[in-house]
Every structure is written in C-alpha cells, then in structure tokens.
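Reading the structure
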Amino acid sequence: MEQYKIDWKANDSFVIIENEKAYMKSNAALKLYNKLPWYWKWTQVFWIVPRFIRDGVYNFIARKRYRWFGKKEKCMIPTGEMKQKFLE
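Before going into details, it helps to say that this report is about the structure given with it. The structure displayed is predicted, hence computed values, not measured ones.

Between helix α1 (residues 25–35) and helix α2 (residues 51–69), the least distance of the axes is 8 Å, while the angle of their chain directions is 85 degrees. With respect to each other, α1 and α2 are oriented roughly perpendicular. Here Lys25, Ser26, Asn27 and Leu30 of α1 lie close against α2, whose contacting residues are Arg51, Arg54, Asp55, Tyr58 and Asn59. Here the contact of α1 with α2 is built from residues that sort into two nonpolar, three polar and four charged.

Okay, here's the thing in structure tokens:
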C-alpha cells in the first residue's frame with residue numbers, strides 16, 4: 001500500500017493491483033468484473049462513464065449493501081476446496 005501511496009487507514013474500498021498500478025473503488029470493481037466469466041464482460045461498458053459518477057454509484061451501493069444484503073456476525077471459514085482458490 002505504501003508503494004502506491006494508499007493510506008490503508010483511510011481507504012474504505014478494496015484495491016486491485018495489476019501491472020504495477022493500483023485501482024480502487026469503481027476502477028477496481030471493473031477490473032475485477034473483467035476477470036470473471038464471459039457473462040460479466042458487459043460491465044466493461046461502464047468504463048465510458050466518468051469516474052466521479054461511477055465512484056458515486058459505488059459509494060452509494062457500499063453504504064446500502066448491509067441493509068440490502070444483510071451482514072454476518074462471523075466470517076465464513078473456507079472449506080478445504082475453497083482454500084485452494086486463495087493465495088497464501
């Protein structure tokens with residue numbers, strides 16, 4: 001995080017680092033969606049939307065997500081099969 005001058009204490013988004021460049025908020029989400037299966041590729045059209053608009057929508061969804069989808073009190077413990085999908 002220091003290398004990319006990102007204050008991790010003030011950052012309320014996830015970060016994707018690709019080709020030595022850090023992406024946050026809507027940029028990170030679009031980068032992530034591009035890595036998903038083909039049926040998510042339609043989301044790449046949102047790159048044409050100005051970033052301040054995309055980030056505004058991102059922030060709105062981030063504020064409302066627990067109300068819409070709920071919040072777990074405990075983190076899920078991944079199964080052995082799921083652990084294979086994570087980097088160590």
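Turning to α2, a few remarks are in order. The first and last C-alpha atoms of α2 sit 25 Å apart over 19 residues, in line with the 27 Å expected at 1.5 Å per residue. When α2 is considered as a whole, its buried residues turn out to be Arg54, Asp55 and Tyr58. Positioned one or two residues after α2, glycine 70 has a phi angle of 85 degrees, which is positive.

Let us now look at unusual backbone geometry. Backbone geometry at glutamate 20 places phi at a positive 60 degrees, although glycine is not the residue there. One can find glutamate 20 in the loop between β1 (15–18) and β2 (21–24). On the basis of relative accessible area, glutamate 20 is assigned to the exposed category, the value being 68%. Despite not being glycine, lysine 25 has its phi angle at roughly 50 degrees, a positive value. Mapping lysine 25 onto the fold places it in helix α1.

On to the packing of aromatic side chains, then. Tallying each qualifying case throughout the model produces five aromatic pairs. Look at tryptophan 38 and tyrosine 39: their rings are 5.5 Å apart centre to centre, the planes differ by 85 degrees, and that puts the pair in the edge-to-face class. The exposure class assigned to tryptophan 38 is exposed, which follows from its relative accessible area of 70%. Taking the centre distance of 6.1 Å and the plane angle of 70 degrees together, the rings of tryptophan 42 and phenylalanine 46 count as edge-to-face.

The rules behind these values
- Residues numbered from 1 in each chain as written.
- Predicted model: local features only at pLDDT ≥ 70, side-chain atom pairs only at ≥ 80, totals over all residues.
- Heavy atoms only, no water.
- Axes fitted to C-alpha atoms, helices over the stretch in contact; angles between N-to-C directions.
- Helix = DSSP H or I, 4+ residues; strand = E, 2+ residues; numbered from the N terminus.
- Parallel < 35°, antiparallel > 145°, perpendicular 65-115°, else oblique.
- Contact = heavy atoms within 4.5 Å.
- Nonpolar A, V, L, I, M, F, W, Y, C, P; charged D, E, K, R; others polar.
- Expected span 1.5 Å × (residues − 1).
- Buried < 20%, exposed > 50% of the residue type's maximum accessible area, 1.4 Å probe, protein only.
- Phe/Tyr/Trp six-rings, centres within 6.5 Å; stacked < 30°, edge-to-face > 60°.

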